[in-house]
Each structure stands twice: as C-alpha cells, then as structure tokens.
Amino acid sequence: MSTNNATRGWVRTALALGMAGLLAVLAGGILLAVGSSASAEPCVPEDAWTETTDWVLEAPGEGWYQVDEQVVVDEEAYDEIVGYTNWTWNPGNAEWDEDDPLGPPWPHERWSENQGNHSGHPQPGDPGVNERGNYDMGKPGRADWFHWEAVVEHHDAVTHVEYKFAYDHPAVVCEPTEEPTEEPTEEPTEEPTEEPTEEPTEEPTEVLPDDATSTPTPTPAPEVKDDTALPTTVTAGTVG
C-alpha cells in the first residue's frame, strides 16, 4: 500500500513540473511576440533637416559642428583707485591762463612729482581739491599749485564664450510597400432552410392493472363446425 502511495506521489509531482514548464514556455512565447510587435515601428518618410542648439558651452556629441559664437560678459570691466600721487607746479616759462580758476592744465610737462610731506594739504575728495584735481596752497596774491593724481588699477571684464552647434539629419527613405489588392468578396449564398418535419406522436400505451402480467393471454380460436358430418339417425325397432 505504501509503495502505491509513493508511486502516485511521484506521478503527481512529475505532472505538476511538466505543467509548470509548459506554462513557462507559453509565457515566454507570448512575451517574445509582444516584444517583436512593439519593436516593429512603421517607417515614416522624412526630408533631410538641420538641428541647431541654443547657446551652449560645448558640442552635444559627435557629428555636431560649430555655426556661431558669442562673448558673454559675466562681470564688467572697471577701474579701481588704489592710491594718489602728489604733483607740484613749476611754472617757469609755461604758458597757461593764470586766470583759470581750476589752475594749470593737467597733464602738462611743468608738473613734477612731489616727494615731500603733504601734511596740511587737502586730501583727494576734500572740498579744497577742484574737479581737475588741483588745489592752491599759495599765500594770498601768490599762486602755489599742487595736483593729486589718482593711481588707478584697471580690472578687465570677466567673460566666457558660448557656441551654437548644428547637426544634419539625413532624409528617411522608406522602401515601397505593396498596395493591398481588393479581393472580391463572395456573395453569401442562400442556403435552403429545412422545413420542420412533423414527428409522429406516440400513441398512448394502455396501462395495465397491477395484477396483469406482461405476457398477454392467448385468445382461444373459435370452434369451427363441420357441416359435412351428419348426425346418424337411429330408427327404433329396426333390426339389422
């Protein structure tokens, strides 16, 4: 009994494994069919065209070529005053309009760099220094001109270069496909409909009483009289 149960168990296990393998094969076939149908995209013809980027720093990849460039200013150039140099005027035989309230012209060859102590002099930006940078330290009735020259450090603008690139896309040419031919449709034929046949109805069978037997009792044949057989008449008193 135990051997039969073990055999049945092995058979059931084998059947289960076989069914699982069959389902796996079917599922793989369905996935392959779906993947093949999804990857087969229809061909759409298209003319050749050129794609152009916006302003970028480098080419997007291979096949792109530069078509334009521009310089972008990140920070404007500016001058920074880092100090001042003092100059003194040596009139000599310089010709200039001494009635000019702003003093001698700047620049001029008669200005000499002053290395002396400027304590007590107005500093750059003070009200005593005019718009030309000159100031007069002379006593009343006597001109004694000085000049403050700003020492300027120039800072160049901070820039970077941007580019535009283009890429030529080739035309898409699709292979001609065969036009589907319109096959004539077959006219539906009218099939003859079968007339319903009247099935004969069964005659009701006679229900026999419970005490009746299934075998019918034979009916006795009627007695046939023989007309040729005549009765014998015996005459009384006759001796043979």
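Structure: above.
The numbering scheme is per chain: residues are counted from 1 as the chain's sequence reads. For a predicted model such as this one, the threshold for reporting local features is a pLDDT of at least 70, and the threshold for listing and counting side-chain atom pairs is 80 or more; totals across whole chains, interfaces and linings nevertheless cover every residue. Excluding hydrogens and water, the side-chain values take into account all heavy atoms of the structure.

K.L.:
I keep staring at the overall build of the protein and nothing clicks. Help me out?
P.N.:
Numbered from the N terminus, helices here are DSSP runs of H or I no shorter than four residues, and strands are runs of E no shorter than two. In terms of regular secondary structure, the protein is built from one helix and seven strands. The linear arrangement of helices and strands in the protein, starting from the amino end, is α-β-β-β-β-β-β-β. Summary of the burial criterion: residues with accessible area below 20% of their type's maximum are buried, those above 50% are exposed, and those between are partly exposed, where the area comes from a 1.4 Å probe applied to protein chains only. The buried share of the protein, taken over its 240 residues, is 11%. The contacts of the protein with a sequence gap of at least 6 include a subset with a gap of at least 24, amounting to 73%. Element-wise, carbon and sulfur atoms account for 54% of the exposed surface of the protein, whose accessible area totals about 21200 Å². Here, two residues are considered to be in contact whenever any of their heavy atoms come within 4.5 Å of each other. Areas reported here follow the Shrake-Rupley algorithm with a probe of radius 1.4 Å; residue values treat only the protein chains shown as occluding.

K.L.:
Could you clarify how one ought to interpret the packing of aromatic side chains in this entry?
P.N.:
Two rings from Phe, Tyr or Trp (for Trp, the six-membered ring) form a pair when their centres sit within 6.5 Å of each other. Planes less than 30 degrees apart are called stacked, planes more than 60 degrees apart edge-to-face, and all others tilted. Within this structure, the stated rule accounts for nine aromatic pairs. Between Tyr84 and Trp148 the ring centres are 6.4 Å apart and the planes differ by 80°, which places this aromatic pair in the edge-to-face class. Note that Tyr84 is positioned in strand β3 (residues 78-89) and Trp148 in strand β6 (residues 145-155), a separation of 64 residues in sequence. A relative accessible area of 40% means that Tyr84 is categorised as partly exposed. With a relative accessible area of 10%, Trp148 lands in the buried category.

K.L.:
Any chance you could explain the state of the cysteines here in plain terms?
P.N.:
Each disulfide is one covalent bond, formed between the sulfur atoms of two cysteines. Count a disulfide wherever a pair of cysteine sulfur atoms falls within 2.5 Å. This model, assessed by the stated rule, comprises one disulfide. The side chain of Cys43 participates in a disulfide bridge whose partner is Cys174; the two sulfur atoms lie 1.9 Å from each other. Sign of the S-S torsion, about -90° for the bond between Cys43 and Cys174, identifies this disulfide as left-handed. Here Cys174 lies in the segment after β7 (158-169) and Cys43 lies in the loop between α1 (2-39) and β1 (49-52), a separation of 131 residues in the sequence. Of the residues examined, Cys174 reaches a relative accessible area of 23% and is grouped as partly exposed.

K.L.:
Explain the pattern of salt bridges to me, please; I cannot follow it from the model alone.
P.N.:
It is possible for side chains bearing opposite charge to pair when their charged atoms get close. Definition used for salt bridges: Asp or Glu carboxyl oxygen within 4 Å of a side-chain nitrogen of Lys or Arg. Taken as a whole, this structure holds one salt bridge when the rule is applied. A salt bridge links Arg132 to Asp100; the nearest nitrogen and oxygen atoms lie 3.2 Å apart. Of this pair, Arg132 sits in the loop between β4 (111-113) and β5 (134-136) while Asp100 is found in the loop between β3 and β4, placing the two residues 32 residues apart along the sequence. A relative accessible area of 22% means that Asp100 is categorised as partly exposed.

K.L.:
Looking at this model, I keep getting lost on the sheet that holds β6. Mind explaining?
P.N.:
Pairing between the strands of a sheet is mediated by backbone hydrogen bonds and can be parallel or antiparallel. Sheet architecture is open: four strands sit in the order β4-β3-β6-β5, paired in antiparallel fashion. The open sheet has two free edges, formed respectively by β4 and β5, since each of these has just one partner strand. Strand-to-strand twist across the sheet, computed as the mean angle between neighbouring axes with direction ignored, equals 40°. When β5 meets β6, the two strands line up antiparallel, connected through three bridges. Across the sheet, the residue bridging to Asn134 is His147, located in β6. One requirement defines pairing of two strands: DSSP has to find at least two bridges between them. Every angle, taken between N-to-C directions, lies between 0 and 180 degrees, and every axis is a line fitted to C-alpha atoms, over only the stretch in contact when it is a helix.

K.L.:
Whenever I open this one, the environment of Ala166 confuses me. Can you help?
P.N.:
Topologically, Ala166 is positioned in strand β7. Residues Ala166 and Asp54 lie 112 residues apart in sequence; the distance between their C-alpha atoms is 9.6 Å. Leaving out residues up to four positions away in the same chain, Ala166 has contacts with Thr50, Glu51, Thr52, Gly63, Trp64, Tyr65 and Val67.

K.L.:
Could you clarify how one ought to interpret the side chain of His147 in this entry?
P.N.:
Considering the arrangement of structural elements, one finds His147 in strand β6. Overall, His147 belongs to the buried group, its relative accessible area being 2%. A polar atom in the side chain of His147 sits 3.3 Å from the backbone oxygen of Gly133. Think of a polar contact as two N or O atoms within 3.5 Å of one another; within protein, one of them needs to be a possible hydrogen donor and the other a possible acceptor, and neighboring residues in sequence only count if both atoms come from side chains. Reaching out from His147, the side chain makes a polar contact with the side chain of Asn134 at a distance of 2.7 Å. Those residues within four positions of His147 in sequence are excluded, and the remaining contacts are Thr85, Asn86, Trp87, Trp106, Trp111, Arg132, Gly133, Asn134 and Tyr135.

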